[in-house]
Structure formats: C-alpha cells, structure tokens
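# Observations on the model geometry
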Amino acid sequence: MSTSVCLHHRTACPLDNLQVVESIIPKNSEFVQLVQISDLHLYENTEQLYCNINPKANLDAIMAMIEQDFAKRDLLAITGDLLQEPTEANYTQLFDYFDKFSSPYVAISGNHDVTMELDSHLPFFQRRHVGIHADKRLKNCHVVATPIWDIVFLDSSCKGEIWGCFCQRSLDWLSQTLATRQKPCIIFCHHPMFNVGSAWIDNHRLKNSDDFWQAILPFKSQIKGIFVGHVHQEFSSIINEISVFTTPSTSAQFLPNQDEYGIDNSHAGLRWITLYNNATLATGVKRIQTVPPF
C-alpha cells in the first residue's frame, strides 16, 4: 500500500489566519469521495474488549472494507473518540496505523480524547472523568479545500466532560470562514447539535447548540450537510433546512430510541459521502458483516 499524505501531522491553522487550508485534488474530476469513521474506542491492549466487542478487530475489518470498496477515496474523516486510553504514545501508534492506508485523513477530538476515564469496573455514570489536553495532531478550525468544496473540521470536545461545546473563538472562526470563502461545504464534528431520540444520549449533545446554529444560519445555503459521531448509531434529519447525519461506531453500537443506556447488536459501520461538482451530495452507511460476540 502507498503511504498517505498525513494531514494530521501538519500544523493546525491559527484562528486569525483564515486562508491556511489543506488542499486536495480529487481523483475523479466529477466528485469528491469521502469516508467517515467514528468512535473507535481503542485500547493499548488490542485484545481488550469494549462493550463486549474487540474494537481493534472491528477497525481492521472496517479499514479492509474501505480499502476494497472505497479504494479511490479522497479523504478519510475520523470524527472523535479515537482512544479509550488517550496518551501521546497511543495516538502515535494509531496514526502510524492510518499512515499505512491509501488516502489522506483528518482526525478530530471526541470527549474520550480529552478525558481519562477512571474506575472502568463501575457502571458508566459512576466513573470519574478527568480532563486532559487533546493531542496536538487532532484538528480544530481546519479546512480541507477542493476546487469546488470546502470540508470543515471542528473540535466540539470539552475536557473532562461527556457533552460537547464550541468555544466562542471556534464559532467566530466558522462564521468568518463561511463568509470569506463562500464555497459549498460540509462540516464534521463529534457532538450532535440536535436530538436523536434517546434521552441519555441527547443529554450529552452539544451544550451551546443554539449558538452554533446562530453562527451558521446566515450561510445555510452553503452548508450541504453536517456529519457527527458520538451517538454510535445511524441517524439523519433536516434541521433548520440543513441535512444532518450521524455515523455508526467502528466499535459497539448503542440502541436507538431508548431513554436508558443500551447496546445494540447491529454491526459496526462507516458513512460514505460523495460531493458532486453541482454542489449536491449523496451519502449512506455501510457495515461490516461479522457478527458481534454477544
């Protein structure tokens, strides 16, 4: 396999310089092909289980499917909760793993990337959550530009918290970038700024959702889709005339439409996204076919 252009090793663009972007030329002259994966929840010990599944084995199966079915992709978007044990060494090991595949990639933080979860032997909501700094290779306020499209990455994580929040500088940057660049775009972040119909998940969405929508609504004609992780399930809707999508986890799946925490027996998956030159997009979910060991 060829070594990819490693976008996460580049210096993150400063918030006061809106023209610092990554540029890619799509492999196909008529569209941009993206793949989104999310919520990997990897351990240093590759045999350790997460919610009774092996997250590393699932990720290997997902990446094998991507290499087979989306070999000509232009970008892999990794939308948070990469590690259960977020250390610099573990990120280096993971990014070295992604470097072996055949496309550029960008990774952003989820809540687990800025939180060390302690007392894993206890039920989830009894565990301690200690805030840590995000790895510097994870992106925020980042644009990947193609000749037609802008692909925007935002960090919604808050140290030590399960829920998300955008700082005011990020929201100002987003508004200024949309106003300045004036291209059709999609936005990636970890936390949803909408409800998915599960009370325990909706309680841990983006806390300042109203501020986010206020920042982007003047530019809603440019924004063709918002893609998030965090919820470990497939969901789509139209909010404020903008299409929004969640993505299955590459690890365990959460039961949809449940007020209490529960694990679904559906398979791990990815979301594919095709951005056409006429400023429209198509998207869908594809899952691996192995049966989780319930």
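A few points on the structure. On a predicted model such as this, the values are computed, not experimentally measured, just so you know.

Conventions adopted
- Residues numbered from 1 in each chain as written.
- Predicted model: local features only at pLDDT ≥ 70, side-chain atom pairs only at ≥ 80, totals over all residues.
- Heavy atoms only, no water.
- Buried < 20%, exposed > 50% of the residue type's maximum accessible area, 1.4 Å probe, protein only.
- Helix = DSSP H or I, 4+ residues; strand = E, 2+ residues; numbered from the N terminus.
- Pairing = 2+ DSSP bridges.
- Axes fitted to C-alpha atoms, helices over the stretch in contact; angles between N-to-C directions.
- Contact = heavy atoms within 4.5 Å.

### A word on the pairing of strand E15 (residues 269-276)
In summary, the side chains of a regular strand alternate between the two faces of the sheet. The element E15 is largely enclosed, with a buried count of six among its eight residues. In this structure, strand E2 (residues 31-37) lies alongside E15, joined through six bridges in antiparallel fashion. Bridging from a neighbouring strand, Gln36 pairs with Arg271 of E15. Hairpin connection between E15 and strand E16 (residues 281-287): a loop of four residues separates the two successive antiparallel strands, and Ala279 in this loop has a positive phi of roughly 70 degrees.

### Re the sheet that holds strand E3 (residues 75-79)
Reading across the sheet, the five strands line up as E4-E3-E2-E15-E16 and stay open at both edges, with mixed pairing between neighbours. Only two strands of the sheet have a single neighbouring strand rather than two, namely strand E4 (105-108) and E16. Averaged over all pairs of adjacent strands, the angle between strand axes in this sheet comes to 20 degrees, irrespective of strand direction. Pairing geometry for E15 and E16, over seven bridges, is antiparallel. Within the sheet, the bridge partner assigned to Arg271 lies in E16 and is Val285. Packing of helix H1 (residues 55-69) onto the sheet brings it into contact with E2, E3, E15 and E16, and relative to E2 it is tilted by some 170 degrees. Packing against the sheet, helix H2 (residues 88-99) makes contact with E2, E3 and E4, and its axis sits at approximately 155 degrees to E4.

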